[in-house]
Amino acid sequence: MPRSSLFAALLAALLTAAPAAADESAPAPEAVTFVAGFADDLFAGMLARYGMQAPQLAALAEVHGDEAVAPIFQSEIVRAVREHGPVWRHNLALAWTPLLTAEELRSLTLSGSASPHLEKYMGLRADAGSAMQALSGDLLQTALRDAVEGTVARFPAQ
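Attention here is on the structure that accompanies the text.

### Regarding the overall build of the chain
Step number 1: Along its length, the chain carries seven helices and zero strands.
Step number 2: Secondary structure elements of the chain, listed N to C terminal, follow the sequence α-α-α-α-α-α-α.
Step number 3: The 158 residues of the chain split such that 34% are buried.
Step number 4: Sequence-distant contacts in the chain: of pairs separated by 6 or more residues, those separated by 24 or more amount to 86%.
Step number 5: Of the roughly 9,800 Å² of accessible surface on the chain, a fraction of 60% belongs to carbon and sulfur atoms.

### Quick notes on the side chain of Ser115
Step number 1: Structurally, the position occupied by Ser115 is in the loop between helix 6 (102-111) and helix 7 (118-153).
Step number 2: Among the residues examined, Ser115 registers a relative accessible area of 5% and is labelled buried.
Step number 3: In this structure, Ser115 is in contact with Ser107 and Leu108, ignoring residues within four places of it in sequence.

### Examining helix 7
Step number 1: Taking 1.5 Å of rise per residue, 36 residues should cover 52 Å, yet helix 7 covers just 43 Å from first to last C-alpha, more than 12% shy of that figure.
Step number 2: Where helix 7 bends most, the angle comes to about 65°, and this point is Ser136.

### Some thoughts on the pattern of salt bridges
Step number 1: A full pass over the atoms with the stated rule returns eight salt bridges.
Step number 2: Ionic pairing is found between Glu76 and Arg79, a salt bridge with its closest N-O pair at 2.9 Å. Pair noted here: Glu76 and Arg79 are both in helix 5 (residues 66-96), with a separation of three residues, about one helical turn.
Step number 3: A salt bridge links Arg154 to Glu76, with the nearest nitrogen and oxygen atoms 3.0 Å apart. Highlighted residues: Arg154 in the segment after helix 7 and Glu76 in helix 5, separated in sequence by 78 residues.
Step number 4: Assessed through its relative accessible area of 46%, Arg154 is described here as partly exposed.
Step number 5: If you follow the salt bridges from partner to partner, you end up with Glu76, Arg79, Glu83 and Arg154 in one network.

### As for the packing of helix 2 (residues 29-36) against helix 5
Step number 1: Interhelical geometry of helix 2 versus helix 5 gives an angle of 120° and a closest axis separation of 8 Å. Taken together, the axes of helix 2 and helix 5 lie oblique to each other. The hand of the helix 2/helix 5 crossing is right-handed. Contacts between helix 2 and helix 5 pair Ala31, Val32, Phe34 and Val35 from the former with Arg89, Leu92, Ala93 and Trp96 from the latter.
Step number 2: When the residues that make up the contact of helix 2 with helix 5 are grouped by side-chain class, the tally is seven nonpolar, no polar and one charged.

### A closer look at the nonpolar core
What tends to happen in soluble globular proteins is that the nonpolar side chains get buried as a cluster.
Step number 1: The biggest cluster of nonpolar side chains holds 38 residues, and the ones touching the most others in it are Leu47, Trp88 and Trp96.
Step number 2: If you list the elements that add at least two residues to this core, you get helix 2, helix 3 (39-51), helix 4 (55-64), helix 5, helix 6 and helix 7.
Step number 3: A total of 11 residues in this core trace back to one element, the largest contributor, which is helix 5.
Step number 4: Setting aside residues no more than four positions away along its own chain, Trp88 makes contact with Ala39, Leu42, Phe43, Met46, Met132, Ser136, Leu139 and Leu140.

What counts, and at which threshold
Residues numbered from 1 in each chain as written. Predicted model: local features only at pLDDT ≥ 70, side-chain atom pairs only at ≥ 80, totals over all residues. Heavy atoms only, no water. Helix = DSSP H or I, 4+ residues; strand = E, 2+ residues; numbered from the N terminus. Buried < 20%, exposed > 50% of the residue type's maximum accessible area, 1.4 Å probe, protein only. Contact = heavy atoms within 4.5 Å. Areas by Shrake-Rupley, 256 points an atom, 1.4 Å probe, with all protein chains shown as cover. Expected span 1.5 Å × (residues − 1). Bend = angle between axes of the 7 residues up to and from the residue. Salt bridge = Lys/Arg side-chain N within 4 Å of Asp/Glu carboxyl O. Axes fitted to C-alpha atoms, helices over the stretch in contact; angles between N-to-C directions. Parallel < 35°, antiparallel > 145°, perpendicular 65-115°, else oblique. Left-handed = near helix turned anticlockwise from the far one by under 90°. Nonpolar A, V, L, I, M, F, W, Y, C, P; charged D, E, K, R; others polar. Core = buried A, V, L, I, M, F, W, Y, C linked by side-chain atoms within 4.5 Å.

In C-alpha cells:
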C-alpha cells in the first residue's frame, strides 16, 4: 500500500472513530488547581447543611442544647473533610475537567469573578453538580455518617 493511501486510511479511521473518553482517574491539572480554592468549603457546607437534618443531632440538641452540639459537630465536619477531602477534591476536578477548557480554568483560578469565563462557569454548575452526585454521592454519605456518628459518640449515652 503506498504511503499516501495508508495515511488516508488512517485519517479516515480516526475521523470516523468515536472520540476517546477522558481518563476518569486523571483530572486536568488546571481543574485540580481551580477546585483547590473552594472544594473543602463546599464539602464542609454540604456536610453542615445535610447534617443539620440528621435526627440524631436534633435529639442531641434537645437534650444538650444547640450551643453544646454545634461546635462538636463542626469539629467532626473538619475531621471528615480532612479525611475524605482529597477524594472529594479529585472528584470535583474530574467533574469540571470536561466542562471547561484549560484556559478557562486558569482564567477562573487567577481572575475569579473578573474572569470573562465566569458566566460560562455559572451556567455549568448544575452539570458539575450532576457529575459530582454520580462521582461522590457515596463519599458524601460516608463523610456525613462519620461526622454525625462522631458527634453522637462525644456525648454521654442517655
